[in-house]
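Here is what each chain is made of, one letter per residue.
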Amino acid sequence: MRRALVACAVAYGLSALPALANPQLQSVIADNLDQIERPSRLTVEPLVSEIAATGPEGMALLTAWADRRLALSADGQLLIVDGDTITDAATGDPVMDADPKMLRPNSGVRGVIEAALVVSQIAAADPAVRAAALDAIARQGSADHLAALRTAPTDPDPMLAARRARLEHLLTIRYGTDPATRVAAIEAMSGDVDLDVRAALNPVLSTTRMAAMAPPEGANIARELTVGTSVLPREAAYDLLKSQGDAEPLLSGPAQRDALAAHIVDGRVGGVPVAELRDPAARDRAYAALEAEGTVAPAATQAEADSAVDAYRYFDVYTEPSAAVTDAAEEAQSHAQMKLGAMRGVDLGLDALSLASIYFLAAIGLAVTFGVMRVINMAHGEFIMMGAYTAYTVQTLIPNRTLSLLVALPLAFIVTAFAGIVLYRLVIRHLAHRPLETLLATFGVSIALQQLAKNIFGTQARPLTAPAWLEGSITINDVISISSIRVAIFVLALVFLALFLFIMKRTRLGLEVRAVTQNPGMAASMGINPDRIAMMTFGLGSGIAGIAGVAIGLFAQVTSELGQGYIVQSFMTVVVGGVGNIWGTLAGAALIGGLSKVIEFVNPANTLAAQTFMILFIIIFIQFRPRGIIPQKGRAAEM
């Protein structure tokens, strides 16, 4: 911002002022030197306006002041310091052999000065200066800025012209004096859901609550309230009457009894016999008599309070006097809320799509092994963890994050695929067609791999940093945004879907896998080795899990328990989608991801409840579709 201010000063030729005194500026400096030396954000604004009105010399002084280049000499001369050059702030005369004391205005004072400088920047020749001026107005606009925007020449840059027109509408809503112009500005911004538009409309629609015997004449009434509702309880109505001075404080029972007891004279209180004070009405009469005598503080009984509340009507009144303006603002806000709701739905859909792609990437490897081999691999989560640790190891060896990611993806596939083949050769193939023993064995392998990872990498989370081009998010507006990493994972999921379909539909391996899946005996009689196909299939599924680990590690903490957070969702995805069907896995991931985000949106404070509802839904779903969304067909479905 300071560079833009200096550039503006140069553009207007303020850095080389003629050596002629500016009497008006000199007078302002002489009268306000103490405040220039020790300015306050609360009181400096009139001084800044006065300096700005003195002409180019005053603008140069403000530029130097905002840029912290303003100084004070020992004899009270105000100086502008520009590197080794020192000049008089009022005349521009060079000053030699000065020992200036630099002035350091705080951020609040600099904000006031920059706001004053903006007026001259709007028409600057440099587009960067004009853009900086619009940024300053957007941060701290005022009625003076509105006048400057209206009188400035048309901006030749279409984008800056559009920004300026938008700012003019926003400032017109806030500071405009003509209701018709303000209504036109509100209608121009109707449906805009940006925060600055909502911030401009909210003050227009702000209300104050008041009580009156009849509707206040000339007031812009937003609504009339009914006493006794959740919006206006009777206690709140009486408090409002007290704040307006239309009711006395309510007298509590103990306070009334204490006051009456203190004023007993000859067995009477306020002319009421003590024996009758058991009756609440008698106590009220006695206290009223004491009030009339001036011996107790005025207070209202409960009956008087109820009567006062019922005697008044209650209104929310707009602070904005023009009904046309508030009606337009209400309509614009209504349109904005509808659009905001739609955008939140889109944002929720993007979140659901992102989560579904993560679940699909984590489950696709399990779908391969579970669908083809009918093996319940409880160590699948540990293959995800292994892929993440592989990427971490590569990143420690290759500092370049982009290059390390490109190396880690294929290496994670190779490492986890090899680990899967080893697991198959040592454990899985010896337990063929014995699902319970396979489940227990792979569960033991899962525990062993977790402990091995703790022994090698420790128990603390290891950082897996994404490349710079994956940092941040893709933001459409204030509502809709998605992180770049999630987009990359979605693309990776699509790539692996296409790659898997190509392998299964266009390669000999895919043909043999489909044959073994449908009828292992017939495939063996045709010369296909089912054991080799099962081994390669298990390796393929494990390798895909490793790549999923790399993707998940980019946004999750890499620990030995990383895979445990996805194993349950992976199994749910495969079972709900349809065992052995890649399209079913995709549908299951979309259903579980979408439903998870919807439940989180409805009940964001309780993640455990969201997981519970998800499991209950899946249990009910399986009761009606036990074979999943897209079940296998043909001979494979009969196995």
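Residues numbered from 1 in each chain as written. Predicted model: local features only at pLDDT ≥ 70, side-chain atom pairs only at ≥ 80, totals over all residues. Heavy atoms only, no water.

**Quick notes on helix α18 (residues 401–426)**
Going by this rule: The secondary structure listing takes helices from DSSP runs of H or I that are at least 4 residues long and strands from runs of E that are at least 2 residues long, numbered from the N terminus. Every helix has an expected span of 1.5 Å times one less than the residues it contains. To get the bend at a given residue, fit one axis to the seven residues ending there, fit another to the seven starting there, and take the angle between those axes. Each residue gets one of three labels from its accessible area relative to the maximum for its type: buried under 20%, exposed over 50%, partly exposed in between, using a 1.4 Å probe on protein chains only.
Taking 1.5 Å per residue, 26 residues should reach 38 Å; α18 reaches 36 Å between its end C-alpha atoms and fits that length. Approximately 25° is the largest bend angle found in α18, and it occurs at A408, with the proline P410 only one to four residues beyond. Within the span of α18, buried status applies to S404, L405, A408, A412, T416, A417, G420, L423 and Y424.

**A look at the sheet that holds strand β4 (residues 101–102)**
For clarity, the cut-off: Strands were regarded as paired on the criterion that DSSP finds at least two bridges between them.
Judged by pairing direction, the sheet is antiparallel, and its four strands sit side by side in the order β3-β2-β1-β4 without closing on themselves. Looking at strand neighbours, the two that pair on one side only are β3 (85–88) and β4, the edges of this open sheet. Of the strand pairs in this sheet, strand β1 (residues 70–72) and strand β2 (residues 78–82) are connected by three bridges, and their pairing is antiparallel. The residue bridging A71 from the neighbouring strand is L79, located in β2.

**Quick word on the pairing of β3**
Here β3 shows one buried face, formed by I86 and D88, and one open face, formed by T85 and T87. Once β2 ends, the chain turns through two residues before running back antiparallel as β3, passing G83 with a positive phi of about 70°.

**What about helix α2 (residues 23–31)?**
Going by this rule: Relevant arc is that of directions from the helix axis to the C-beta atoms, nothing else. Note on definitions: a residue-residue contact is assigned when non-hydrogen atoms from the two residues lie within 4.5 Å.
Buried within α2 we find L25, V28 and I29. Burial along α2 is one-sided: seen end-on, the buried residues are contained in an arc of 100°. Exposed side of α2, more than 90 degrees from the buried face: P23, A30 and D31 are the residues found there. Taken together, the buried residues of α2 touch α3 (33–37), α4 (45–52), α5 (56–66) and β2.

**Digging into the packing of aromatic side chains**
So the rule is basically this: Pairing of aromatic side chains requires ring centres within 6.5 Å, counting the rings of Phe and Tyr and the six-membered ring of Trp. Pairs whose planes differ by under 30 degrees are stacked, by over 60 edge-to-face, and all others tilted. Should the NZ of a Lys or the CZ of an Arg lie within 6 Å of a ring centre and within 35 degrees of the ring normal, that charge is described as sitting over the ring.
Scanning all chains against the criterion turns up four aromatic pairs. Consider the rings of Y392 and F457, whose centres lie 6.1 Å apart with planes at 75°: the pair is edge-to-face. You can see Y392 sitting in helix α17 (residues 380–397) and its partner F457 sitting in helix α19 (residues 435–457), a full 65 residues away along the chain. The pair Y392 / F457 is uniform in exposure class, with both members buried. Taken together, the ring pairs in this structure connect Y389, Y392 and F457 into an aromatic cluster. Stacked on the ring of F555, the Lys or Arg R486 has its end atom at 4.8 Å from the ring centre.

**Notes on the confidence of the model for the protein chain**
Fine structural detail should not be taken from predicted coordinates in areas where pLDDT scores are low. Which entries qualify depends on this criterion: A score between 0 and 100, pLDDT records how confident the predictor is in each residue.
In this model, the protein chain carries a mean pLDDT of 83, and residues with pLDDT of at least 70 account for 94%. Here residues 1–20 is a poorly scored stretch, pLDDT under 50, and it has 40 contacts once near neighbours within four places are set aside; other chains count. Across residues 634–639 the pLDDT falls below 50, and counting only partners more than four positions away or on other chains, this stretch makes nine contacts in the model.

**A closer look at the nonpolar core**
Which entries qualify depends on this criterion: Here the nonpolar core consists of buried residues drawn from Ala, Val, Leu, Ile, Met, Phe, Trp, Tyr and Cys, with membership extended through side-chain atoms lying within 4.5 Å.
Counting residues in hydrophobic clusters, the biggest one holds 70 residues, and the most contacted among them are L361, F538 and Y566. Once residues lying within four places of it in the same chain are set aside, the contact partners of F538 are T369, M373, V375, N377, F383, G420, L423, Y424 and I428.

**Some remarks on the pattern of salt bridges**
Which entries qualify depends on this criterion: Any Lys or Arg side-chain nitrogen found within 4 Å of a carboxyl oxygen on Asp or Glu counts as a salt bridge.
Enumeration over the complete set of coordinates arrives at 20 salt bridges. A salt bridge links E224 to R313; the shortest N-O distance between them is 2.8 Å. Taken together, the residues E224 in strand β6 (residues 221–225) and R313 in strand β9 (residues 313–318) connect sequence positions 89 residues apart. Classification of E224 by relative accessible area gives partly exposed; the value is 43%. Between D306 and R234 there is a salt bridge, with its nearest N and O atoms 3.9 Å apart. Pair noted here: D306 is in helix α15 (residues 302–311) and R234 is in helix α12 (residues 234–244), with a separation of 72 residues, a long-range link. On the basis of relative accessible area, R234 is assigned to the partly exposed category, the value being 32%.

**Topic: a nonpolar patch on the surface**
We apply this condition: Each patch groups residues whose relative accessible area exceeds 30% and which form no salt bridge, using 9 Å between like charges and 5 Å between nonpolar side chains of Val, Leu, Ile, Met, Phe, Trp and Tyr. Residue burial considers only the protein chains on display, and all accessible areas are found by Shrake-Rupley using a 1.4 Å probe.
A cluster of nonpolar side chains, namely L403, V407, L411, I414 and V415, defines an oily patch on the protein surface of about 370 Å² accessible area. By the secondary structure assignment, L403 is in helix α18. Residue L403 is classed as partly exposed on the basis of its relative accessible area, which comes to 43%.

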